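Observations on chain architecture
Here's the letter readout for the chains.
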Amino acid sequence: PKKEKVSLCFKLADGSEHTAMAKVGDNLLDIIIDNDIDVDGFGACEGTLACSTCHLIFKPDQYDQIQEKPTDEELDMLDLAFGLSDTSRLGCQVIVTKEMDGWEIEVPSGVADARG
Ligand code: FES
């Protein structure tokens, strides 16, 4: 069967909004890269849970609907993220599901960059 797609809107710190078609089953880091949404330094470790640059912020009701809950490893890494919120996740750890159609997801300003 063909993979289903949902429409996601990514809101960047500069106020711009980018609508992306996302394949169910992909993770949000892949979606942002595949759609050429350009965020400086985003996804530096390529989804290996070794950075916190793929930090995304969800609306509270949508955050609660994310099926996979964060692992301890993800929470540890999130602690290092710039501008951490109660509804933050690491994009590379969040898998797209059908429920996400129409979601608006914030890409926070500034990634924690070890180079200072
Ligand atoms: Fe590094 Fe997600 S891309 S933790």
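A brief structural summary. Just so we're clear, the structure is a prediction, and the values are computed from it rather than from any experiment.

1. A short note on the overall build of the chain
Looking only at helices and strands, one finds three helices and five strands in the chain. Scanning the chain from its N terminus toward the C terminus, one meets helices and strands in the order β-β-α-β-α-α-β-β. Taken against the 2.2 N^0.38 rule, which gives 13 Å for 116 residues, the C-alpha radius of gyration of the chain at 13 Å falls within 12% of a compact globule. With the C-alpha coordinates aligned to their principal axes, the bounding extent of the chain is approximately 45 × 30 × 25 Å.

2. Thoughts on the pairing of strand S1 (residues 5-11)
Inspection of the sheet shows S1 paired to strand S2 (residues 17-23) by seven bridges, in the antiparallel sense. Bridging from a neighbouring strand, Lys5 pairs with Lys23 of S2. Hairpin connection, S1 to S2: the antiparallel pair is bridged by five residues, and Gly15 has positive phi, about 90 degrees. In this sheet, strand S5 (residues 104-106) lies alongside S1 in parallel orientation, the contact comprising three bridges. When the bridges of S5 are listed, Cys9 appears paired with Glu104.

3. Observations concerning the pattern of salt bridges
Any two side chains of opposite charge can pair, on the condition that their charged atoms come close. Applying the stated criterion to the full structure yields two salt bridges. Between Lys59 and Glu104 there is a salt bridge; the shortest N-O distance is 3.6 Å. One end of the pair, Lys59, is in the loop between strand S3 (55-57) and helix H2 (60-63); the other, Glu104, is in strand S5, with 45 residues separating them in the sequence. Given a relative accessible area of 37%, Lys59 falls into the partly exposed group. Close ionic contact of Arg89 with Glu74 constitutes a salt bridge, the shortest N to O distance being 2.7 Å. Of this pair, Arg89 sits in strand S4 (residues 88-90) while Glu74 is found in helix H3 (residues 72-78), placing the two residues 15 residues apart along the sequence.

Conventions used here
Residues numbered from 1 in each chain as written. Predicted model: local features only at pLDDT ≥ 70, side-chain atom pairs only at ≥ 80, totals over all residues. Heavy atoms only, no water. Helix = DSSP H or I, 4+ residues; strand = E, 2+ residues; numbered from the N terminus. Rg over C-alpha atoms; globule rule 2.2 N^0.38 Å. Pairing = 2+ DSSP bridges. Salt bridge = Lys/Arg side-chain N within 4 Å of Asp/Glu carboxyl O. Buried < 20%, exposed > 50% of the residue type's maximum accessible area, 1.4 Å probe, protein only.

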